[in-house]
Amino acid sequence: MTDVRIQLLGPLVVDVDGRRIDVVGRRPLAVLAVLALSAGETVPTEVLAERVWDPDGLPARPRSALQTYVARLRAALGGGVIESRAGGYRLSPERADVDAVRFGTLAARETDASAADRRAALAGAIALWRGEPFPDGRSEWLAGPARDRLTGQYLDVLEEAADLDHVAGRPGELLDRLREQGERHPFRESLWLRLVRALAGNGRQAEAVAEYERFRRRLSEDLGVDPAPELRELHASLLRGDRVLRAARTGRARVIPRELPADSTGFTGRADLLRTLDAGLAADDRTHPVVTVLHGPGAVGKTAVAVHWSHGVENEFPDGTLYVNLRGFDPAARVRPTDALARLLGSLGVPAREIPGDLDGAAALFRSVLQDRRILILLDNAYEAEQVRPLLPASGAHVLVTSRNRMRSLTARGEARDLAVRPLEASDGVALLRACLDEEFAAPGHGPALAALAGIADGYPLAVRLIAEHVRDQRDEGADCATALAATLRDLGGEVQRLARLDLDGDPRTDLRAVFSWSYGSLDADAARAFRLSALSPTCSFGVPAAASLAGTSERQTARRIARLTDLSLLESSAPGRHEMHDLVRGYGREAVRSGDERTAALRRLTSWASHGAHAASVATDPTLVLDEVTTSPEPGVVVERFTGTEPAREWVLLEGPGLIQVAEFGLGQAELRAAAAVLVARLFPYLLDFEPPMTGARLQARALDAAREHGHDVLEAALLNELGNSSLRLQAVRQAEAHFVRARSIYLRLGVDSGVVAATQNLSHAYRRAGRNDLALPAALESVEVARRIGSVREARSWYHLAHVHLGVRDLAAALEAIDAAIARFDELGAERASGFARIVRAEILTGLGRLHEARPVLEHARELAGSIRWPWVTVEILRRLGDLELAEGRTEQAITTWRETLELVDSGAAIDARSLHRQDLLDRLLRAGAGTMS
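Summarised in this report is the structure supplied together with it. (Residues numbered from 1 in each chain as written. Predicted model: local features only at pLDDT ≥ 70, side-chain atom pairs only at ≥ 80, totals over all residues. Heavy atoms only, no water.)

1. Side note on the overall build of the protein
1) Next: Scanning the protein for helices and strands turns up 41 helices and 14 strands.
2) Next: Computed over the C-alpha atoms, the radius of gyration of the protein is 32 Å, within 12% of the 30 Å expected from 2.2 N^0.38 for a compact globule of 936 residues.
3) Next: Taken over the C-alpha atoms alone, the protein extends approximately 110 × 65 × 60 Å along its principal axes.
4) Next: Taken across its 936 residues, the protein has 58% of its residues classed as buried.
5) Next: For the protein, the proportion of contacts with a sequence separation of at least 24, taken over those separated by at least 6, is 68%.
6) Next: Just so you have it, the protein exposes about 37100 Å², and 50% of that area is on carbon and sulfur atoms.
7) Next: Each charge class in the protein was averaged separately, 118 positive and 130 negative side chains, and the resulting centres sit 3 Å apart. (Helix = DSSP H or I, 4+ residues; strand = E, 2+ residues; numbered from the N terminus. Rg over C-alpha atoms; globule rule 2.2 N^0.38 Å. Buried < 20%, exposed > 50% of the residue type's maximum accessible area, 1.4 Å probe, protein only. Contact = heavy atoms within 4.5 Å. Areas by Shrake-Rupley, 256 points an atom, 1.4 Å probe, with all protein chains shown as cover. Lys, Arg positive; Asp, Glu negative; His and termini not counted. Charge placed at Lys NZ, Arg CZ, Asp CG, Glu CD.)

Below, the structure written as structure tokens:
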């Protein structure tokens, strides 16, 4: 068997059995190149002819000419390399190695690859690049779309590798390649950003400034625009003399977060601790991070100290304050370091799509983003050093950690200092109790009773506040101050004695549990049940509908009981309509749950509420994305969310979405909840698609897929495969996506679930289109439409939409227009405003291509009205981009340039930030083609 190697990534080279051969003739080489770019796939004869010959050079008998060229190639390469297939030819990947194919395999993202593995794959891809493909043309298609696609893939790989090198502290590794490509692509902003950053990170500040100025001047003179905010910020930091080691990302201005929780009312004591923290700040030389661990027993006031001190020094940190509750002592909801990093990086303005999915990569990016920032980070309620260490910056920042653990491994290695937070001194406990009560209690005569009650609290601020609530309850019932104090002391003192007799270990928190027990005992049966079942929620915060579903009671009843719990400080109001529990209170409430059956039934109701709420929100926002193959009925007693339009549904999803993910993750870890949690994950698809990093979706969907298979739920398995395929596409793992879609489609076909066949087939068509395989995309799209029309599926609209894109890709504009008109009609019938807006953008593009300019403008104006009504700024960006295209086609070049410049301003303002694309480079390319520099 002959060994054939075909190299396309540079001048075309062919080796057979290790010997370089010359294939004579421009056309045979073009045939070989076209087949090699689609190795393993049949290229129809008509497509092959279109790509080998220019439109005005097509011979009278192209099929005969191709047969001649293929025969010549077979003689040179050996038998079996080029196969004849029905209607076309195929290059056998088993007989020929093609560098472009290997490049694509290495460049494709693996959803679970670590940063190191990803960098190694990118290095392999970069090594294959020898220069510009097809430098001698061969054909218009090879010198145009094919070359552009390969070059774009190479630049994407180069930039991603440069980002990984940057966060790993190797900024200069690709410097020569970045400089070379910068000269070849003088307006590719993302490339120049990485070049300037690499020079600066390599200690070559003067060169970095000079290159920035060269790029800025070129943009200004040729396009009449400024560089992206991130690039301008990078330049400003160079002029200030900052070390530039922070990861710069195109299109993102620096975000200054201010995330501290509200300060405690009536904060008292802790003078020594506050002075020690002040001294640490004064001694901070800003060359390395200052990390302080505030440790002590639960509810002793660690968070209150950290928050109070942080508010007092907030002005010392001009770059912001970050806060994250790590929920370390709630095993059901403990925050993983990767999730905490995603949250922190998001607060710093890093797009979800740019956050690495592995811990090492995310931690490295976090350190890079924080480099040279003067920022305060509060990591609250940590469990252990391993949860905290990935969240620590490399230099400059000030970090406070609160924990019940001392974290000796951090302090022993010099990574942190520790400060013990002990119970309040007796006098401070009395002062806090006075601060929580009316002024009437300040009378000296009440001092002994206040001291006795503060003594019961044993210096725990939470207990002091709970006791104060009980005193106020007595007052509300008409008792005077002395009577209220005496009654509280009598009732609570007996409870302490009872629990003390049960305490064999001398736990210093026994008195705190006594306060909880007394508070719980003061509740009526319904409020007590609401308390203990609310404690089961795995979410950080919850609203009345979730609490009502946990309890299986009405919202009105639950709201009254929640108000009672809040009055007693068993719940805290974190925001209007939102409630939280201190983790010790939560733990006590869970202990109070009467049986495993009560627990399981409540959590089933919560999962059912989350699942049906997510489904209802999808129906209201875009019914064409609704998962209707997997049907379940709400559990009895569940609050069923209902939405009157797109905006209320979107607001609900944004508010509840993070908590719904926590419910799903918790449920996937519980045997009795796994199946229901898997359904919830499937119904979260629209939220995961729009608002979460693709790795978050892929991770959840993979876990849910395992649960569906365990329970033999074939339809759910297919649905999750379909969704995991979409997450894979977002991660650029196109081949993985194809495999998931093919598997999903086969399951749906076996089960006869036609609506699922429609969804999987249209997604498969999309994956083929993303891979440039329009010959496969078209039949898949046509099949999707045919099945959807036959069964009357709501997905018919989206099938037409995909078909229009496929026709547009091969420039069959008449067919594209017919398909998009069908899509718009169905979207409008369904009230899917966002999808309808997008479809109208595509229709305007098609009309412009057909030269029907007078029809395109009203279509875009209608789409713009829809975008404004649903408050989706990035849809507006896309509309304005297309409006500029229309104006250019109308011959109004100056107006088109003005429109695109205004669109750039919208993108740069941050109002148009989207999880998928900022369009900035596309707009720069449009300005360049329009000759914007002559009209600056």
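Next comes the rest of the description.
2. Re the packing of helix α13 (residues 337–347) against helix α14 (residues 359–370)
1) Next: In contact at an axis separation of 10 Å, α13 and α14 are set at 30° when each is read in the N-to-C sense. At the point where α13 passes α14, the crossing takes the left-handed sense. In this structure, α13 uses Pro-337, Thr-338, Leu-341, Leu-344 and Leu-345 to contact α14, whose residues at the interface are Leu-359, Ala-362, Ala-363, Leu-365, Phe-366 and Val-369.
2) Next: Taken together, the residues of the contact of α13 with α14 break down into 10 nonpolar, one polar and no charged. (Axes fitted to C-alpha atoms, helices over the stretch in contact; angles between N-to-C directions. Left-handed = near helix turned anticlockwise from the far one by under 90°. Nonpolar A, V, L, I, M, F, W, Y, C, P; charged D, E, K, R; others polar.)

3. A closer look at the sheet that holds strand β6 (residues 88–91)
1) Next: Read across the sheet, three strands follow the order β4-β6-β5 without closing on themselves; strand pairing throughout is antiparallel. The open sheet has two edge strands, β4 (43–44) and β5 (82–85), and neither has a second partner.
2) Next: Sheet topology note: the β5/β6 ladder contains four bridges and is antiparallel. Bridge pairing links Ile-82 to Leu-91 in β6. (Pairing = 2+ DSSP bridges.)

4. Considering a negative patch on the surface
1) Next: On the surface, a cluster of negative charge is contributed by Asp-438, Glu-439, Asp-476, Glu-477 and Asp-567.
2) Next: Examined against the element boundaries, Glu-477 turns out to sit in the loop between α19 (461–476) and α20 (481–502).
3) Next: Given the relative accessible area of 67%, Glu-477 is considered exposed. (Patch = residues over 30% accessible without salt bridge, like charges linked within 9 Å, V, L, I, M, F, W, Y side chains within 5 Å. Salt bridge = Lys/Arg side-chain N within 4 Å of Asp/Glu carboxyl O.)

5. A few points about the packing of aromatic side chains
1) Next: Inspection of every chain in the model, using the stated rule, returns nine aromatic pairs.
2) Next: Ring centres of Trp-53 and Tyr-69 lie 6.1 Å apart, and the angle between their planes is 35°; this geometry places the pair in the tilted category. Taken together, the positions of Trp-53 in the loop between α2 (45–52) and α3 (62–77) and Tyr-69 in helix α3 put the pair 16 residues apart, joining distant regions of the chain. By the burial criterion, Trp-53 is buried, and Tyr-69 matches it.
3) Next: The interplanar angle of 15° and the centroid separation of 5.5 Å between the aromatic rings of Trp-192 and Phe-215 together place this pair among those described as stacked. Of this pair, Trp-192 sits in helix α8 (residues 189–201) while Phe-215 is found in helix α9 (residues 205–223), placing the two residues 23 residues apart along the sequence.
4) Next: On the accessibility criterion, Trp-192 (1% relative accessible area) is buried.
5) Next: Across from the ring centre of Tyr-383, 3.8 Å away, lies the NZ or CZ of Arg-334, which sits over that ring. (Phe/Tyr/Trp six-rings, centres within 6.5 Å; stacked < 30°, edge-to-face > 60°. Lys NZ or Arg CZ within 6 Å of the ring centre and 35° of its normal.)

6. Let's talk about the sheet that holds strand β11 (residues 398–403)
1) Next: The parallel open sheet is built from five strands, whose spatial order is β9-β10-β11-β8-β12. Only two strands of the sheet have a single partner each, and these edge strands are β9 (321–325) and β12 (417–420). Each neighbouring strand pair of the sheet contributes to a mean axis angle of 15°, computed without reference to strand direction.
2) Next: Note: strand β8 (residues 290–295) against β11, six bridges, orientation parallel. Paired with Val-291 across the strands is Val-399, a residue of β11.
3) Next: Together, β8, β11 and β12 form the strand contacts of helix α11 (residues 271–282), whose direction differs from that of β12 by roughly 165°.

7. Focus: the environment of Ala-206
1) Next: Structurally, the position occupied by Ala-206 is in helix α9.
2) Next: With 41 residues separating them in the primary sequence, Ala-206 and Asp-165 have C-alpha atoms 21 Å apart.

8. Side note on the pattern of salt bridges
1) Next: This structure, assessed with the given rule, holds 64 salt bridges.
2) Next: Between Asp-526 and Arg-561 there is a salt bridge whose closest N-O contact spans 3.2 Å. In this pair, Asp-526 sits in helix α22 (residues 525–534) while Arg-561 sits in helix α24 (residues 555–567), placing the two residues 35 residues apart along the sequence.
3) Next: For Asp-526, a relative accessible area of 43% gives the class partly exposed.
4) Next: By relative accessible area, Arg-561 is classed as buried at 15%.

9. Details of unusual backbone geometry
Most peptide bonds take the trans form, and the phi angle of most residues other than glycine is negative.
1) Next: Phi at Phe-134 is positive, roughly 50°, even though this residue is not glycine.
2) Next: Note on placement: Phe-134 falls in the loop between α5 (115–127) and α6 (140–167).

10. A look at the nonpolar core
1) Next: By size, the foremost hydrophobic cluster in this structure holds 127 residues, and its most contacted members are Leu-523, Phe-531, Trp-609 and Leu-720.
2) Next: Here Trp-609 is in contact with Pro-545, Ala-546, Ser-549, Val-638, Val-639, Glu-641, Trp-652, Glu-656 and Leu-660, once residues within four sequence places are set aside.
3) Next: Val-34, Val-98, Ala-125 and Ala-198 belong to the second-largest nonpolar core, a separate cluster that totals 87 residues. (Core = buried A, V, L, I, M, F, W, Y, C linked by side-chain atoms within 4.5 Å.)

Note that every value here comes from positions in space, so none of it alone points to a role or purpose.
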